[in-house]
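Architecture and fold: a report
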Amino acid sequence: MRDVSIIGIGQTPVQEHWDRSLRHLAADAVLAAKRDAGIERADALYVGNMLSGEIAGQEHLGALIADFCGLRGIEAFKIEAACASGAAAIRMGYMAVAGGLADVVIVVGVEKMTDETGEAVAAGLALAADGDYEVPHGLTFVAINAMLMRRYMYEYGIEHQDFAGFAVVAHQNAVNNPNARFRSALTPERFASAPVVAEPIRLMDASPIADGAAAVVLCPTEQARAFALSVRIRASAVATDCLSLHDRRNPLRLRAVEESARKAYAQAGVGPDDIDFFEYHDAFTIMAALSLEASGFAEPGKGTQLAREGELALNGRIPVATMGGLKGRGHPVGATGVYQVVEAVQQLRGVCGANQLPGPRLGMTQNIGGSGATVVTHILEVSE
Ligand code: COA
């Protein structure tokens, strides 16, 4: 196995891109990442995407995007793992480079969601739930997360307002991210008075539907030494769980998060206390709490305490969502995992402007598919 580094990053703003098609968005990110790395060719292109067939009426993204980016002929295909598609594509790129099958791999995550109605998008997202046992009962991802949140509040005696800190910190960090969907701060009062989407989830508990693309260029660490701004992938780990909530012994315990974090810590030879910042999967405030707990940053039932006590802010014990996270930057589902890694690379390069952490060395990213059925965790490290 070879060590793998990231030598180039690119991203588009996350917003409603009504004038750009899926292939244009992907190309914007790929070309930016190629320019950043200073490379022309690649051995392979992996595309993280969830909904192109359902929403954009387009599959076969690998060949399409390779051709459109001037890479016609190379190995290229789409990787789908629901909302974890982006990080799953990075994982594929990592394996290809680590295994010696490719020297330069470009990974792009791309999603275009806002051309369709909210109802159509909700139905598309629900394809990641159990189609035999959950979806026929009318469950959407908002509804699934609402059930989890209600159960959490009941089990641990938590109030809705205790979740405010997750959304407040995300919006605060998004203010200084030129690529973020929402660049406005959020007060706890506005969090509390937001309209109900599915009780107890209100608008400010949810990440927004959005369009966007982000890309990275990977190569062996040995060759990356020639690149001044490279960042090493210290760990890359995936774990899975059953799709449906009712098949889980304890739905408040995200076992695939636990397992992928455990594997990542073991690979990197570190623990949660060594992580300088965490780009977590705050698709809903309840997911933020549960993933902090399952990743070892808080005891079960104590995730909201970190948010209440300011431990998640840029100057806190474990800064999260440092460029806005899914809530503030936005959640173009299949692209999100690549945005998380791009932002972690920015932190480790020291180019986050007002949001820059002081000299971070280890950053963790975690991308969750469905209600916790596919979880991809990466630990990134500043290159010496
Ligand atoms: N947070 C804050 N504001 C939001 C928002 C969010 N998540 N979603 C939409 N808005 C804002 C819009 O910007 C718009 O503001 P404006 O009137 O000032 O322009 C307003 O709310 C209405 O937007 P609209 O697109 O009509 O909202 P909606 O009611 O159709 O959708 C949700 C809101 C929460 C239902 C939608 O964002 C959603 O489904 N989110 C979850 C997506 C999801 O499940 N992802 C997968 C996770 S596993």
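About the criteria used
Residues numbered from 1 in each chain as written. Predicted model: local features only at pLDDT ≥ 70, side-chain atom pairs only at ≥ 80, totals over all residues. Heavy atoms only, no water. Helix = DSSP H or I, 4+ residues; strand = E, 2+ residues; numbered from the N terminus. Contact = heavy atoms within 4.5 Å. Areas by Shrake-Rupley, 256 points an atom, 1.4 Å probe, with all protein chains shown as cover. Lys, Arg positive; Asp, Glu negative; His and termini not counted. Charge placed at Lys NZ, Arg CZ, Asp CG, Glu CD. Salt bridge = Lys/Arg side-chain N within 4 Å of Asp/Glu carboxyl O. Buried < 20%, exposed > 50% of the residue type's maximum accessible area, 1.4 Å probe, protein only. Domains from an automatic or database assignment. Buried area = accessible area lost by both parts, 1.4 Å probe. Axes fitted to C-alpha atoms, helices over the stretch in contact; angles between N-to-C directions. Parallel < 35°, antiparallel > 145°, perpendicular 65-115°, else oblique. Left-handed = near helix turned anticlockwise from the far one by under 90°. Disulfide = S-S within 2.5 Å. Near = heavy atom within 4 Å. Polar contact = N/O pair within 3.5 Å; in protein donor to acceptor, adjacent residues only side chain to side chain. 1 Å grid on protein atoms, 1.4 Å probe; cavity = no way out; pocket = protein on both sides within 12 Å on 5 of 7 lines; lining within 4 Å. Sits in = over half its atoms within 2 Å of the grid points. Nonpolar A, V, L, I, M, F, W, Y, C, P; charged D, E, K, R; others polar. Points joined across faces, edges and corners; volume = space filled by probe spheres on them. Pairing = 2+ DSSP bridges. Core = buried A, V, L, I, M, F, W, Y, C linked by side-chain atoms within 4.5 Å.

1. Points about the overall build of the protein
Each helix and strand counted, the protein has 14 helices and 11 strands in total. C-alpha atoms of the protein, sized along the principal axes, occupy 55 × 45 × 40 Å. Here the contacts in the protein between residues at least 6 apart in sequence split such that 77% fall between residues at least 24 apart. Counting only carbon and sulfur atoms, one obtains 50% of the accessible surface of the protein, whose full area is about 14,400 Å². Counting 32 positive and 44 negative side-chain charges, the protein places the averaged centre of each group 3 Å from the other.

2. With respect to the pattern of salt bridges
Applying the stated criterion across every chain yields a total of 19 salt bridges. Across the pair Arg 232 and Asp 3 runs a salt bridge whose closest N-O atoms are separated by 3.5 Å. Residue Arg 232 is located in strand E8 (residues 231-240), and its partner Asp 3 is located in the segment before strand E1 (4-11); the two are separated by 229 residues in the primary sequence. Its relative accessible area of 41% is what places Asp 3 among the partly exposed residues. A salt bridge links Asp 67 to Arg 72; the shortest N-O distance between them is 2.7 Å.

3. With respect to the domain arrangement of the protein
Per the domain assignment, the segments making up the protein are domain 1 (4-117 + 210-224) and domain 2 (137-208 + 235-382). Using C-alpha coordinates to define each centre, domain 1 is positioned 23 Å away from domain 2. With 40 residues of domain 1 at the interface, the matching set in domain 2 holds 32 residues. On the domain 1 side of the contact with domain 2, Gln 11, Val 14 and Cys 83 bury the most area, a combined 26% of that side's loss. The tally of links from domain 1 across to domain 2 stands at two salt bridges. Of the charged contacts in the structure, one is a salt bridge between Arg 181 and Glu 16, with a shortest N-O distance of 3.3 Å.

4. Concerning the packing of helix H1 (residues 22-37) against helix H3 (residues 61-68)
Two elements in contact, H1 and H3, have axes separated by 9 Å at closest approach and are oriented at 60°. Viewed along their axes, H1 and H3 adopt a mutual orientation that is oblique. Between H1 and H3 the crossing geometry is right-handed. Contacts from Leu 22, Arg 23, His 24, Ala 26 and Ala 27 of H1 reach H3 at Leu 61, Leu 64, Ile 65 and Phe 68.

5. A few points about the state of the cysteines
Overall, the coordinates contain zero disulfides when judged by the stated rule. Cys 242 carries a free sulfur, and the closest cysteine sulfur to it, the one in Cys 83, is 17 Å from it.

6. Some details on the site of the ligand
Around the ligand sit 15 residues in total, of which Phe 182, Ala 206, Ser 207, Pro 208 and Lys 327 are the nearest. At 2.8 Å, a side-chain N or O of Lys 327 approaches a nitrogen atom of the ligand. Within the complex, 58% of the 920 Å² of free accessible area of the ligand lies under protein. Its atoms largely coinciding with the cavity grid, the ligand occupies the largest pocket. Taken together, the residues of the shell around the ligand break down into 12 nonpolar, two polar and one charged.

7. Notes on the layout of surface pockets
Unoccupied space between atoms shows up once a probe the size of one water molecule is rolled over them. Space inside the largest pocket adds up to approximately 570 Å³. Lining the largest pocket are 29 residues, with Val 142, Ala 206, Ser 207, Ile 209 and Phe 284 sitting closest to its centre. Every element with two or more residues in the lining of the largest pocket is listed here: helix H5 (118-125) and helix H6 (141-156). Classifying every residue of the lining of the largest pocket by side-chain character gives 19 nonpolar, eight polar and two charged. Quantified by volume, the second largest pocket comes out at close to 260 Å³.

8. Things to note about the side chain of Asp 162
Its location among the elements puts Asp 162 in the loop between H6 and helix H7 (164-174). Under the relative-accessibility criterion, Asp 162 is labelled buried at 17%. In terms of polar contacts, Asp 162 uses its side chain to reach the backbone amide nitrogen of Glu 159, at 2.8 Å. Asp 162 has contacts with Thr 304 and Arg 308, leaving out every residue within four places of it along the chain.

9. Thoughts on the sheet that holds strand E11 (residues 374-382)
Taken in spatial order, the nine strands of this open sheet run E3-E2-E4-E7-E1-E8-E11-E10-E9, and their pairing is mixed. At either margin of the open sheet sits one strand with a lone partner, and together these are strand E3 (75-79) and strand E9 (277-279). Across this sheet, the average inter-strand angle for adjacent strands is 25°, counted without regard to direction. Pairing of E1 with strand E7 (residues 212-220), which is carried by seven bridges, proceeds in the antiparallel orientation.

10. Topic: the nonpolar core
Core analysis: the largest hydrophobic core is formed by 71 residues, its most contacted members being Phe 163, Phe 166, Tyr 280, Leu 292, Phe 297, Leu 312 and Ile 379. Sorting elements by how many residues they give to this core places H6 first, with eight residues. A domain-level breakdown of this core finds at least three residues from each of domain 1 (4-117 + 210-224) and domain 2 (137-208 + 235-382). Apart from residues lying up to four places away in sequence, Ile 379 is in contact with Arg 232, Ile 233, Arg 234, Ala 235, Ala 264, Tyr 265, Ala 268, Val 270, Ile 275, Leu 362, Gly 363 and Met 364. Core analysis: the second largest hydrophobic core is formed by 39 residues, Ala 44, Ala 96, Leu 348 and Leu 357 among them.

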